[in-house]
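So the chains spell out like this:
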Amino acid sequence: MNPIPYGRQNITQEDINAVVETLQSDFLTQGPKVAEFEEKFAAYIGAKYAVAVANGTAALHLCALALGVNENSRVITTPITFAASANCVRYCGGQVEFADIDPETGLLDIEKVRQKLQSQPKGYYSGIIPVDFAGMPVNLEEFRELADEFGLWIIEDACHAPGGYFTDSKGQKQNCGNGNYAELAIFSFHPVKHIATGEGGMITTNDPELYQKLLKLRTHGITRDPAKMHENHGGWYMEMQELGYNYRISDILTALGISQLSRADEGLQKRQEIANRYDEAFRNLTNLKILNPAAYVINKDHNWLHAYHLYVIQIEKRKELYDFLRTKNIFAQVHYIPLHRMTYYKELGFKKDDFPLAEAYYEMCLSLPMYPTLSAEEQEYVIENVLQFLNQAR
Ligand SMILES: Cc1ncc(COP(=O)(O)O)c(C=O)c1O
């Protein structure tokens, strides 16, 4: 069997043609393809505005800047996420505060966040960054209520969940990143994600002021709009009004993004089918737990769509299973080493036992191969090997 990674991109001939066409066009850097990708992505997600940027980390940094994060800001996020979800606060000099996870879902536990907020005077915290971890949507309606009570903003890290949704208390589907409950949401187009541009990211929002701010920050803090300038020396004039960055993405990459986006629903459907097959194979095992099996995501209380960026299982002999699968050419992965265990965050004062549920989750989690081109044969091979390991380990 060829090596089976935990995730991988799917590049078709149409994708290649789209990139080649752009290479032969007048625009290589930010041009019409960036605008087209933004428009189509905003429509797909159901948000008013979208700003395409260099990568998901740049998206988070710009969000933190646009919301005014500085040395006085304290922002709460989950320890079970990629480092960028927290690092964006540090880029702006703010303080990262973690709250533990809900072990049932692996998501930031709203009750833990509430306890933190209640333990301090109002105004102590500035914002919350919940993450749709693995593709499981966060109930942002609940987070919005809590944020409003304490005067906080929300950045939804939806990198794992384009196409996923939760259902709100009125029965309305709320797409991850649609901007109805969070001020800003971000996505990544890293190759293992649903839509791949190589490097790439997107911010979505329904707030016109934040949108304008993000456009400026993305390109050095420069405006070329005469209506917004303090002076105007002529046609060449542009004004740098604040300290921004070059976080632009190129037309080459967004041409690929547009082509990938046209197959997003197909890919999401394939991920559901793969998850269902894993669920079926592992459902009745006592020594393996599925994180958010479909039966939990869609039941009488939930009609949600898990976007299945990752398919996570939990098992006591996780390291042994990881090593065993590698000998079979199956490259499962661990998501994530809790952020408070990273050297950088340890040096800021976080301790191993600060978040025991994140710690317990980490000890047992493993992401199995999950990507639209995983064939039925390859998936059966993965399942067989997991079952064989469990039988041996008994
Ligand atoms: C949850 C999460 N947030 C942020 C990022 C950062 O995205 P990027 O790698 O595009 O900078 C990633 C991706 O790796 C991620 O998984």
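In this convention, every chain numbers its residues from 1, walking through the sequence in written order. Where local features are concerned, this predicted model is filtered to residues with pLDDT of at least 70; where side-chain atom pairs are given and counted, the filter is 80 or more; whole-chain, interface and lining totals use all residues. Side-chain measures were taken over the full set of non-hydrogen atoms in the model, leaving aside hydrogen atoms and water.

All right, on to the overall build of the chain then. When helices and strands are tallied, the chain shows 14 helices and 16 strands. The globule rule used here is 2.2 Å times the number of residues to the 0.38 power, and the radius of gyration it is set against is calculated over C-alpha atoms. For the chain, whose C-alpha radius of gyration is 21 Å, the value lies close to the compact-globule estimate of 21 Å for 394 residues. If you line up the chain on its principal axes, its C-alpha atoms span 75 × 55 × 45 Å. Each of the 394 residues in the chain was classed as buried or not, and the buried ones make up 56%. We call two residues in contact when some of their heavy atoms are within 4.5 Å. For the chain, the share of sequence-separated contacts (at least 6 apart) that also reach a separation of at least 24 residues comes to 74%. For the accessible areas, the method is Shrake-Rupley and the probe is 1.4 Å, while residue cover comes only from the protein chains on display. For the chain, the computed accessible surface area is about 17,400 Å², with 50% contributed by carbon and sulfur atoms. In this tally, Asp and Glu contribute negative charge and Lys and Arg positive charge; neither His nor the terminal groups of the chain are included. Just so you know, the charge point we use is NZ for Lys, CZ for Arg, CG for Asp and CD for Glu. Charged side chains in the chain number 37 positive and 50 negative. The centres of these two groups are separated by 4 Å. The helix count covers DSSP runs of H or I at least four residues long, the strand count covers runs of E at least two residues long, and both are numbered beginning at the N terminus. Burial classes: relative accessible area under 20% of the type maximum marks a residue as buried, over 50% as exposed, and values in between as partly exposed (1.4 Å probe, protein chains only).

Moving on to the packing of aromatic side chains. Aromatic pairs are defined between Phe, Tyr and Trp rings, using the six-membered ring for Trp, whenever the two ring centres lie within 6.5 Å; interplanar angles under 30 degrees are classed as stacked, those over 60 as edge-to-face, and all others as tilted. With the rule as written, the count across this model stands at 22 aromatic pairs. When the centroid spacing of 4.9 Å and the interplanar angle of 75 degrees are considered together, the rings of Phe41 and Phe187 count as edge-to-face. Pair noted here: Phe41 is in helix 2 (residues 32–45) and Phe187 is in strand 9 (residues 184–188), with a separation of 146 residues, a long-range link. Look at Phe41 and you get buried, because its relative accessible area is 0%. You can call Phe187 buried: its relative accessible area is 1%. Between Tyr345 and Phe350 the ring centres are 6.3 Å apart and the planes differ by 55 degrees, which places this aromatic pair in the tilted class. The class for Tyr345 is buried, based on a relative accessible area of 2%. These aromatic residues form a ring-pair network of at least three members: Phe98, Tyr344, Tyr345, Phe350 and Phe355.

Salt bridges are counted wherever a side-chain nitrogen of Lys or Arg sits within 4 Å of a carboxyl oxygen of Asp or Glu. Here the structure, examined in full by the defined rule, presents 17 salt bridges. Residues Arg218 and Glu38 are paired through a salt bridge, measuring 2.8 Å at the closest nitrogen-oxygen approach. Taken as a pair, Arg218 in helix 7 (residues 208–218) and Glu38 in helix 2 lie far apart in primary sequence, 180 residues in all. Like Glu38, Arg218 is buried.

The subject of this paragraph is the site of the ligand. The immediate surroundings of the ligand are formed by 16 residues, with Gly56, Thr57, Asp157, His160 and Ser188 found nearest. N or O atoms within 3.5 Å of each other form a polar contact, as long as, within protein, one can give a hydrogen and the other can take it, and as long as residues adjacent in sequence are counted only when both atoms are side-chain atoms. Asp157 has a polar side-chain atom sitting 2.7 Å from a nitrogen atom of the ligand. Residue Ser188 places a side-chain N or O atom 2.7 Å away from an oxygen atom belonging to the ligand. Relative to its unbound accessible surface of 390 Å², the ligand loses 93% to contact with the protein. Residue assignment for the shell around the ligand shows that the elements contributing at least two residues are helix 3 (56–66) and helix 4 (84–91). The greatest single-element share of the shell around the ligand, amounting to three residues, is contributed by helix 3. For the shell around the ligand, the per-class residue count stands at six nonpolar, eight polar and two charged. We call a residue near a molecule or strand whenever a single non-hydrogen atom of that residue lies within 4 Å of it. Under the grouping applied here, Gly and all other residues not named as nonpolar or charged are polar, the nonpolar ones being Ala, Val, Leu, Ile, Met, Phe, Trp, Tyr, Cys and Pro and the charged ones Asp, Glu, Lys and Arg.

This part takes up the packing of helix 2 against helix 8 (residues 251–261). The angle between two axes is taken between their N-to-C directions and runs from 0 to 180 degrees, where each axis is a line fitted to C-alpha atoms and a helix contributes only its stretch in contact. Contact geometry of helix 2 with helix 8 gives a least axis separation of 8 Å together with a crossing angle of 30 degrees. Judged by the inter-axis angle, helix 2 sits roughly parallel to helix 8. For the crossing formed where helix 2 meets helix 8, the hand is left-handed. The segment helix 2 lies against helix 8, with Pro32, Lys33, Val34, Glu36, Phe37, Lys40, Phe41 and Tyr44 engaging Asp251, Thr254, Ala255, Gly257, Ile258 and Leu261. Among the residues making up the contact of helix 2 with helix 8, the classes are represented as eight nonpolar, two polar and four charged. An angle counts as roughly parallel when it lies under 35 degrees, as roughly antiparallel when it exceeds 145, as roughly perpendicular when it falls between 65 and 115, and as oblique in every other case. The hand of a helix crossing depends on one turn: near helix anticlockwise from the far one by less than a right angle means left-handed, and clockwise means right-handed.

Mapped onto the elements, Glu359 comes out in helix 13 (residues 356–364). The contacts of Glu359, once residues within four sequence positions are left out, are Pro338, His340, Arg341 and Lys352.

A pair of strands counts as paired when DSSP detects no fewer than two bridges linking them. The sheet built from three strands is open, its strands ordered 13-14-16 with antiparallel pairing. Edge positions in the open sheet fall to strand 13 (289–290) and strand 16 (365–368), since each of these has one partner strand only. Contacts from helix 9 (residues 264–282) reach strand 13, strand 14 (311–314) and strand 16 within the one sheet, and its direction differs from that of strand 14 by about 15 degrees.

Where helix 1 (residues 13–23) meets helix 8, the axes come as close as 8 Å, and the angle between the chain directions of the two elements is 150 degrees. When the axes of helix 1 and helix 8 are compared, the pair comes out roughly antiparallel. Helix 8 is crossed by helix 1, and the crossing has right-handed handedness. In this structure, helix 1 uses Glu14, Asp15, Ala18, Val19, Thr22 and Leu23 to contact helix 8, whose residues at the interface are Asp251, Ile252, Ala255, Leu256, Ser259 and Gln260.

Here we take up the pairing of strand 10 (residues 201–205). Across the five residues of strand 10, five count as buried, placing the element largely inside the fold. Burial along strand 10 is two-sided: the residues Gly201, Ile203 and Thr205 and Met202 and Thr204 are all buried. Across five bridges, strand 2 (residues 49–53) lies against strand 10 in antiparallel orientation. In the strand pairing of strand 10, Val53 is matched with Gly201. Here four bridges tie strand 9 to strand 10, and the two strands are oriented antiparallel to one another. Counterpart to Ala185 in the pairing with strand 10 is Thr204.

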